[in-house]
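# Coordinates in review
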Amino acid sequence: MRAPDYPIVSVRNLSKHYPLRSWWGGKASVFRAVEDVSFDIRAGETLGLVGESGSGKSTIGRAVTMLNPPTAGTVAFEGTDLAKLSPRAMRGMRARIQTVFQDPYAALNPRMSVGDYVSEAFKLHRPEMGRAERRAAVAGLFERVGLEPRFAGRFPHQFSGGQRQRICIARAIALKPSFIVADEPIAALDVSIQAQVVNLLQDLQAELGLSYLFISHDLRMVRYLCHRVAVLWRGRIVELAESDALYDDPRHPYTQRLLGAVPVPDPAAERARLAAEQARPASPIAEGGDLVEVAPGHWVVTRS
Amino acid sequence: MSGMDRDAAALLPPPSVAGGRAVTLPREPGMLGAFWRRLRARRSAVVGLAIVVGLVLMAAFAGWIAPYDPTATDWGAVRAAPSLAHPFGGDEVGRDVLARIVYGARASLGAGLVSVALAVSLGLPLGLVAGYAGGWVDGAIMRLTDALLAIPFLILAIALAAFLGPSLTNAMVAIGLSATSTFVRLTRAQVQAVAAEEFVEAARSVGNPPWRIALVHILPNIVPAILVQATLTIAAAIIAEASLSFLGLGQQPPEPSWGAMLNVAKNFLDQAPWMAIWPGLSIFLAVLGFNLLGDGLRDALDPRART
C-alpha cells in the first residue's frame, strides 16, 4: 500500500503554549507543550506519532483538529488553513476530519443510544437525509465495523470496550472523511481486541483512502500500521522517517533509547537487554538543534 | 506481535445476512425500563411514591373525598372532638377538619409543585448558561446566586412574600424565587462536570454547535441530579408554604392550608389538640413521601447502578 505523494494535511510551525501565571503579580511565563512542530500527511498515508507520556502527542492531535486550537502555526487541510476558519466554517469542515478517542468508555454519551450517536453525524452534516435513510445508513455502518445493526437501540453500557470502539469508528467514518486522528485508539483495549481494531482501521483505509494521524505509545503497533513515524520528545519532533528506516536505523539518541526500551518477548534476550542497560547508565540527551535530512525522507534533529 | 497479520480479521463477527436490504432497527427496552425496575426494588422509594401519589389523588379529587364544604361552619361542631360525624373533629368556628385537610392538600402540594417548577425553570437555564459559557456571564450569574444564597431560604421567602403581599400565589412565587439559587448552583456544577467528559469533546469533534452540545449531550446527563433535587426541594417548599401560611403570608382565610390551620390551632392546643395534630401529621407525611421518593430516584437514576 504505497501512498501517493501530495499532502492532505500540512502542519507548519505548530506550537501550543499554556500560560503559567503567578497569582499575585508575579512574572507570567508559559509552558511549551508543543513547540514548532511541522509535518505532512499524504493522502492514504498513516503517520505515527510516538513519544513518552507528556511529550505532547495528544496535544498535537487536538491542535490539528482544532478541538484545542494551536497557539501558533498553520494546519492546512486540503489547502485550507483550519486555524483561520470561523467556528461555523470549522464545524462544517468536521465532516471531513474525524477523531477516534482513546477511551471508548468515556467517548460515548451514556444517555444516548449508540444508533443515535452514529446517526448524529448525518443529522449535523446531511440535513437532507430522512429518518429511514439515516437508519439504513447507520445499519450499514454497523455491519461495516462488525456490529449487528439490531444493537443500534442499545446504550453504551451494554457493550464491551472493543464494541464501543467499533461504534466510535462507525461514527468517524459515517461521513466518509479523508482524515482521521486516532488518539491512542487501542490503548484501553485488550491485546486480542487491539488486533481486531487495528485491522479494521487498515481495511477502512484501503477502502476509503483515509489518511490517519495515529497517536500511540505502542511502538510495535506503530511499526505494523504506520507508513511514516514522527518521534516526539519534550514537545518537539526529534526524528521523522519511513517506518522501516526509523526502526532499523534510529539516529536520534532519544529514538534509540525509546526503541531500546521495548521489551523483547524472549526471557534470555530480555535479561541481557536489561543488564546491558544497567551497565551503561543513560547520558543526558542534549536539547535544541534543527531537523536535518540525513537520508532521503529521514529527518533528525542535529545540533548545529 | 510481529506475527500478527490480517488473520486476526477472521475474529470479526460475520456480517449479518441483512446485506443490502433495508434493515429495521427495533427499539429495545432501554433506560426507562431499567430505571423502573431499580426504583421498584427499593421499598422506601415505593413507599414514598405511594404517599405522593395518594396525596396527589386526594388533592385532585378533594370534592368527592371531603365529607363537608371546607369553609362551611357548623355551630354544633365548634372545637368538637373527633366523632363519627366529624372523624378528625371540628375547628374553632365549627368547620370539619377532615374536609379542610383534604382541601388543604391542594394548597400544600400546589405550592410545592408550582414553586419548584418555577425554581427549576429559572435555575436550570441560568445554570446551564453559567456552566457552559463560563467567563464573565458565569461570574455575573454566580455572584447574584451567591448573594441570594447568603440569605437563609425561609427568611428570603418570608421577605419576598411580605413584599409581594399575602396570598397563596405570591407565597408560591416567593418560595420559588428563594429556591432558584440552589438549582443554578447545582446545574452549573453538574454541567461543568459533564462538560469535562470526553464524549462532549467527541460531540464537538463531529461538528455539534454549542447549543446542541448543551441541550442534546449535557442536559440529559444532568436531568437525574436536577430531578432528585427537585423532589427534595418540593418537601422543603411544602414546609415553607406551611410556615408562610402559619405567619399569615400564604393561604388566606377562610380557604384551608395545613400551615394556616396550624397557625389557628396553636391557640387551642390544650382544648382541641386535634386541630393541630392532623395538619401537622399531613405536613409530616407529605414531606416524608417526597424525601423518600427523592432518595429512591437518586439511586434508581444512576445508569451504572445494577438492579
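Residues numbered from 1 in each chain as written. Chains lettered and ligands numbered in written order. Predicted model: local features only at pLDDT ≥ 70, side-chain atom pairs only at ≥ 80, totals over all residues. Heavy atoms only, no water.

Along the chain, Pro253 of chain B connects to Pro254 of chain B via a cis peptide bond; the corresponding omega equals 10 degrees. Even without being glycine, Lys176 of chain A reaches a positive phi, approximately 50 degrees. By secondary structure assignment, the location of Lys176 of chain A is in the loop between α5 (161-173) and β7 (179-183). Lys176 of chain A sits in the exposed class, given a relative accessible area of 55%. If you check the backbone angles, Arg234 of chain A has positive phi at about 50 degrees while not being a glycine. With respect to the helices, strands and loops of the structure, Arg234 of chain A is situated in the loop between β9 (228-233) and β10 (236-242). (Helix = DSSP H or I, 4+ residues; strand = E, 2+ residues; numbered from the N terminus. Buried < 20%, exposed > 50% of the residue type's maximum accessible area, 1.4 Å probe, protein only.)

Let's shift gears to helix α2 (residues 43-60) of chain B. Residues and elements named next belong to chain B. For α2, built from 18 residues, the straight-helix expectation of 26 Å at 1.5 Å per residue is met to within 8% by its first-to-last C-alpha distance of 26 Å. Listing the buried residues of α2 in full gives Ala45, Gly48, Ile51, Val52, Leu55, Met58 and Ala59. Down the axis of α2, the smallest arc covering the buried residues is 160 degrees, so these residues share one side. (Expected span 1.5 Å × (residues − 1). Arc of directions from axis to C-beta.)

Below, the discussion takes up the sheet that holds strand β2 (residues 29-42) of chain A. Strand order across the open sheet formed by four strands is β2-β1-β4-β5 (chain A), with antiparallel pairing between neighbours. Looking at the sheet topology across the chains shown, the edges are occupied by β2 and β5 (80-81) of chain A. (Pairing = 2+ DSSP bridges.)

What follows is about the domain arrangement of chain A. Residue and element names in this part refer to chain A. By the assigned domains, chain A splits into domain 1 (7-21 + 29-96 + 176-302) and domain 2 (108-174). Computed over C-alpha atoms only, the centres of domain 1 and domain 2 are separated by 28 Å. The partner domain 2 presents 11 residues to the 19 residues of domain 1 that form the contact. In total, about 1100 Å² of surface goes out of reach between domain 1 and domain 2, with carbon and sulfur atoms giving 65% of it. Sorting the residues of domain 1 by area buried against domain 2 places Lys176, Leu200 and Leu204 first, and these three jointly supply 34% of that buried surface. (Domains from an automatic or database assignment. Contact = heavy atoms within 4.5 Å. Buried area = accessible area lost by both parts, 1.4 Å probe.)

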